[in-house]
Amino acid sequence: MQINRIFIRSTLLISSVIIQLTHAANNDNMTARLMLADQSNQFNQPALLLNTEISGEINGMIATMTLTQTFQNTSNEWMNGQYEFPLSDKATIDSLTMTTDNTVIRGIVKEKAQAKLAFEAAKDKGKKASLLTQSRPNLFTMSLANIAPNAEVITEITWITMVDYRNGQFSLRLPTTFTPRYSAQRLDTGAGDFAFATHMNETDTHQFSLNLHLALNLPIENIHSATHDIRVDSIGDSHQIELSNGTEPLNRDMVIHWEPMAGFKPSAAIASEQQDDAYYYAMMIMPPVKNIVSTLPKAVTFIIDTSGSMAGDSIQQAKRGLLAGLDSLSGQDVFNIVAFDSHATRLFDEAQTTNSHHMATARRFVNQLQADGGTEMLPALQLAFSQPENLGYLQQIIFITDGAVANEAQLFNYLSKHLGDGRLFTVGIGSAPNQHFMSGAAKYGRGSTINIANLNEVDTEMTALFDKISRPMMRDISIDLPFNDSVEIYPKKIPDLYTAEPILLTLKSANPIDVVRINGKLGDENWASEVNTDSPNSGQTKNIHKIWAKNKIADFNEQSVLYSLPLDDFKDDIIHIGIAHQIVTPFTAFVAIEEKISKPTNEMAKSETIANLAPKNSLLYAPSTATNATLQLLIGLLFLTLAMIYYFKNAEKQDKVAP
């Protein structure tokens with residue numbers, strides 16, 4: 001009897017400890033937030049509310065954008081806040097202002113560690129302050145200190161980027177939320193907190209409005225968005241774009257497209273700027289398009305992400321995309337499929353022909369796939385690369401995923417070392433795919449990338465992708481300049497290009513450049529073109545030097561990936577560039593601090609991480625694969641249940657034998 005008591009007490013104690021540890025682990029990964037009570041005394045409203053306006057102007061191929069965020073403290077207490085937000089990994093943040101009490105405070109760029117120290121010192125003194133840091137290449141963190149009760153702080157961030165141009169169409173992507181990044185240990189949102197809205201009323205405040213002006217020097221048409229309803233007001237070559245409904249939730253990427261009218265498709269576009277004693281250029285050059293289809297057969301391996309972050313519309317888009325890819329194969333091609341979540345599975349031991357039996361087997365395999373588990377991409381790549389090589393075939397990998405991983409650099413390094421003669425193409429899936437992974441994997445995979453935002457786009461995008469990869473590439477591209485020694489060009493090595501993809505360059509020169517000569521090989525033919533910097537599609541534009549600086553830092557990132565070097569090896573160079581050009585980098589940050597002390601010394605400020613909205617139509621909230629906390633909780637409850645069953649059964653036996 002004594003042993004039974006000891007067993008029961010020990011089991012209960014172990015269960016209690018496991019449950020408490022699990023609760024603590026979950027609290028570490030979930031946001032600690034101050035919630036306000038409604039009339040029924042239910043705590044369902046966050047203390048800090050957020051509203052956002054995105055505005056900007058597109059002049060030629062350069063977009064100058066402004067992100068205005070209003071943080072409202074609806075509580076009666078002083079608050080500190082933190083909010084993580086996405087931008088394109090090509091975006092260059094070049095200014096921060098903070099407005100509080102009708103006072104505008106302009107941020108300055110400092111080395112990141114110094115900026116954080118200055119921010120914390122201001123917070124401790126009771127000064128209002130804001131800090132803007134880069135947490136991942138396409139994720140940034142805004143920290144706010146000492147927001148007064150029932151007051152608001154407005155932050156304004158400006159950034160610049162080059163618009164995309166391919167397949168005869170311009171586009172601009174504006175991320176508004178992000179899918180949590182999976183790692184083997186935990187979900188990583190960059191700053192360390194898992195912050196997603198849990199209350200429906202937060203969607204009322206997590207809204208954005210749009211005010212975008214297209215000021216182009218060529219006539220355009222078909223301005224549209226497949227992701228949002230927009231209203232376009234056009235007067236001549238000036239076009240104003242707004243949201244049809246005025247505002248929309250911050251729960252999906254916004255993509256805007258526009259096309260040059262027939263006969264006005266550009267062969268080149270150039271923007272230039274003189275800054276101090278240097279001349280800066282941003283160039284977009286379109287190689288010719290040849291209607292030649294390769295006669296070589298393809299060995300295509302489809303990799304499909306079936307992890308938990310793909311739950312909802314994403315997995316349906318991915319499966320539909322893979323099935324469309326199967327339909328695009330020719331009778332001379334061979335194929336295989338790798339599906340992965342926490343584990344990777346290969347359909348066939350080696351690539352198979354496209355006969356009816358193999359295709360039917362593949363379709364059954366795809367149709368039964370479900371989204372669950374972790375996002376372990378590396379084993380999937382290893383499985384794809386380990387199958388026997390098909391000599392005489394074009395080796396191609398189609399990677400269908402939302403890219404929600406935290407180990408991009410490791411994956412890029414693996415691709416650069418193991419791809420061989422193959423090519424990898426990424427298909428971005430869902431409302432908020434990780435564009436840093438999509439474009440990076442395609443870059444190191446010497447391929448290209450597309451995005452599928454909804455089921456209506458699947459067939460069109462996959463058909464266009466297979467048409468593209470069936471045509472010869474522009475290879476061996478080089479740039480000739482009159483004085484190469486005094487010109488710094490990024491990217492240093494121009495990648496091979498597929499049909500209807502542009503050459504994008506940024507240059508810094510000690511002397512003005514009049515003409516640029518580009519050489520390459522299209523199929524078996526040599527190709528050359530000259531571009532004059534005073535052509536009709538050229539013009540003076542501000543802040544080109546900042547885009548060049550961003551691309552130079554991207555080159556340091558590339559060296560870090562290719563040679564397995566820590567980015568810290570380039571820290572001093574990156575800090576110098578960030579401060580010289582006043583931009584945010586991995587090692588520089590913007591900080592804005594008011595002069596006066598606002599918060600009384602006897603007042604304490606509470607802290608809140610402002611939640612993001614989960615991506616639209618995603619079933620992901622807190623994936624169980626982020627940590628083993630859920631498993632620990634289940635084990636604890638199991639122990640507790642067994643102990644209770646044992647206890648009551650033992651008590652029942654004692655009652656039966658009792659006199």
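Described below are features of the structure shown in this document. A quick note: this is a predicted structure, and the numbers were derived from the prediction, not measured.

Procedures and definitions
- Residues numbered from 1 in each chain as written.
- Predicted model: local features only at pLDDT ≥ 70, side-chain atom pairs only at ≥ 80, totals over all residues.
- Heavy atoms only, no water.
- Helix = DSSP H or I, 4+ residues; strand = E, 2+ residues; numbered from the N terminus.
- Buried < 20%, exposed > 50% of the residue type's maximum accessible area, 1.4 Å probe, protein only.
- Contact = heavy atoms within 4.5 Å.
- Polar contact = N/O pair within 3.5 Å; in protein donor to acceptor, adjacent residues only side chain to side chain.
- Core = buried A, V, L, I, M, F, W, Y, C linked by side-chain atoms within 4.5 Å.
- Domains from an automatic or database assignment.
- Phe/Tyr/Trp six-rings, centres within 6.5 Å; stacked < 30°, edge-to-face > 60°.
- Pairing = 2+ DSSP bridges.
- Axes fitted to C-alpha atoms, helices over the stretch in contact; angles between N-to-C directions.
- Expected span 1.5 Å × (residues − 1).
- Arc of directions from axis to C-beta.
- Salt bridge = Lys/Arg side-chain N within 4 Å of Asp/Glu carboxyl O.

1. Concerning the overall build of the chain
Looking only at helices and strands, one finds 12 helices and 38 strands in the chain. Looking at the chain as a whole, 53% of its 659 residues are labelled buried. Within the chain, residue pairs in contact and separated by at least 24 positions form 76% of the contacts whose partners lie at least 6 positions apart.

2. Things to note about the side chain of Asn-434
Among the structural elements, Asn-434 can be located in the loop between β29 (423-429) and α8 (435-444). Of the polar contacts made by the side chain of Asn-434, one reaches the backbone oxygen of Gly-403; its length is 2.9 Å. Looking at Asn-434, its side chain comes within polar contact range of the side chain of Glu-408, at 2.9 Å. When neighbours within four sequence positions are excluded, Asn-434 is seen to be in contact with Asn-138, Arg-181, Asp-402, Gly-403, Ala-404, Val-405 and Glu-408.

3. Digging into unusual backbone geometry
Excluding glycine, a negative phi dihedral is what most residues carry, and trans is how most peptide bonds are arranged. Cis peptide bonds are those with omega within 30 degrees of zero, and the linkage from Tyr-490 to Pro-491 qualifies with 5°. Looking at where Pro-491 falls in the secondary structure, it is placed in the loop between β32 (487-490) and β33 (503-509). For Asp-476, which is not glycine, the phi dihedral falls at a positive 55°. Mapped onto the fold, Asp-476 is located in strand β31 (residues 474-480). A positive phi angle, near 55°, is found at Gln-582, a position not held by glycine.

4. Here we look at the nonpolar core
Residues Leu-132, Leu-210 and Trp-258 are the most contacted members of the largest nonpolar core, which totals 75 residues. With 6 residues, helix α10 (residues 544-562) is the largest single contributor of residues to this core. Each of two domains, domain 1 (45-184 + 191-261 + 586-610) and domain 2 (268-292 + 474-580), supplies a minimum of three residues to this core. In contact with Leu-210, other than residues within four places in its own chain, are Ile-54, Leu-174, Ile-241, Glu-242, Leu-243, Met-254 and Ile-256. Met-359, Val-366, Ile-400 and Phe-466 belong to the second-largest nonpolar core, a separate cluster that totals 33 residues.

5. Concerning the packing of aromatic side chains
Overall, the coordinates contain 16 aromatic pairs when judged by the stated rule. Considering the side-chain rings of Phe-412 and Tyr-444, the 5.2 Å spacing of their centres and the 25° angle between planes classify their relative orientation as stacked. One end of the pair, Phe-412, is in helix α7 (residues 408-418); the other, Tyr-444, is in helix α8, and 32 residues separate them in sequence. Like Phe-412, the residue Tyr-444 is buried in the burial classification.

6. Examining the sheet that holds strand β21 (residues 254-260)
Taking strand neighbours across the sheet as the criterion, the 4 strands line up as β12-β13-β21-β17 in an open arrangement whose pairing is antiparallel. Whereas interior strands pair on both sides, the edge strands pair on one side only; in this sheet they are β12 (164-166) and β17 (220-224). Each adjacent strand pair in this sheet contributes to an overall mean axis angle of 25°, direction not counted. As defined by bridge partners, β12 adjoins strand β13 (residues 169-174) across 3 bridges and the pair is classed as antiparallel. Across the sheet, the residue bridging to Asp-164 is Ser-171, located in β13.

7. Things to note about helix α5 (residues 356-367)
The end-to-end C-alpha separation of α5 is 16 Å, in line with the 16 Å expected for 12 residues at 1.5 Å each. Those residues of α5 not exposed but buried are His-358, Met-359, Thr-361, Ala-362, Phe-365 and Val-366. Take α5 and look down its axis: the buried residues cluster within an arc of 160°, on one side only. Exposed side chains of α5 directed beyond 90 degrees from the buried face belong to Ser-356, His-357 and Arg-364. Residues of α5 that are buried sit in contact with α4 (313-327), β25 (334-340) and β27 (352-353). You can read the cap of α5 off the contacts: a side-chain oxygen lies 3.1 Å from the backbone nitrogen of His-357, and it is on Asn-355.

8. Considering the sheet that holds strand β8 (residues 108-111)
Strands sit in the order β8-β37-β9-β10-β5-β38 across an open sheet of 6 strands; the sheet is mixed. The sheet is open, and its two edges are formed by β8 and β38 (605-609), each paired on a single side. For this sheet the average axis-to-axis angle between neighbouring strands, irrespective of direction, equals 25°. Across 5 bridges, strand β5 (residues 78-86) lies against β38 in parallel orientation. Each bridged residue has a counterpart across the sheet, and for Trp-78 the counterpart in β38 is Ala-605. This element, helix α2 (residues 112-125), spans β5, β8, β9 (129-136), β10 (139-147) and β37 (588-593) of the sheet and lies at about 145° to β9.

9. Quick look at the environment of Asn-222
Tracing the sequence through the fold places Asn-222 in strand β17. Each C-alpha atom, one on Asn-222 and one on His-257, is 7.6 Å from the other, the two residues being 35 residues apart in sequence. If near-sequence neighbours (up to four positions away) are discounted, Asn-222 is found in contact with His-257, Trp-258 and Glu-259. Here the side chain of Asn-222 touches Glu-259 through a polar contact of 2.9 Å, side chain to side chain.

10. Re the environment of Ile-54
Mapped onto the elements of the fold, Ile-54 is located in strand β3 (residues 48-59). The exposure class assigned to Ile-54 is buried, which follows from its relative accessible area of 4%. It is 9.9 Å that separates the C-alpha atoms of Ile-54 and Glu-156, two residues lying 102 residues apart in sequence. Not counting residues within four places of it along the chain, the set of residues in contact with Ile-54 comprises Met-65, Thr-66, Leu-67, Trp-159, Leu-174, Phe-208, Ser-209, Leu-210 and Asn-211.

11. As for the pairing of β10
With 9 of its 9 residues buried, β10 lies for the most part within the structure. Bridging between β5 and β10 involves 7 bridges; their strand directions are antiparallel. Within the sheet, the bridge partner assigned to Glu-84 lies in β10 and is Thr-141.

12. As for the pattern of salt bridges
The full count for this structure, using the stated rule, is 20 salt bridges. Between Glu-408 and Arg-136 there is a salt bridge, with its nearest N and O atoms 2.5 Å apart. Taken together, the residues span a long stretch of sequence, with Glu-408 in helix α7 and Arg-136 in strand β9 at a distance of 272 residues. For the residue pair Glu-408 and Arg-136, the accessibility class agrees, reading buried in each case. Its salt-bridge partner being Asp-476, residue Arg-475 comes within 3.8 Å of it at the nearest N-O pair.

13. What about α2?
If you check α2, its first and last C-alpha atoms are 20 Å apart, about what 14 residues at 1.5 Å a residue would give, namely 20 Å. On its buried side, α2 packs onto β8, β9, β10 and β37. Within two residues after α2, Gly-126 carries a phi angle of roughly 90°, on the positive side.

The values reported here are purely geometric and, on their own, carry no functional implication.
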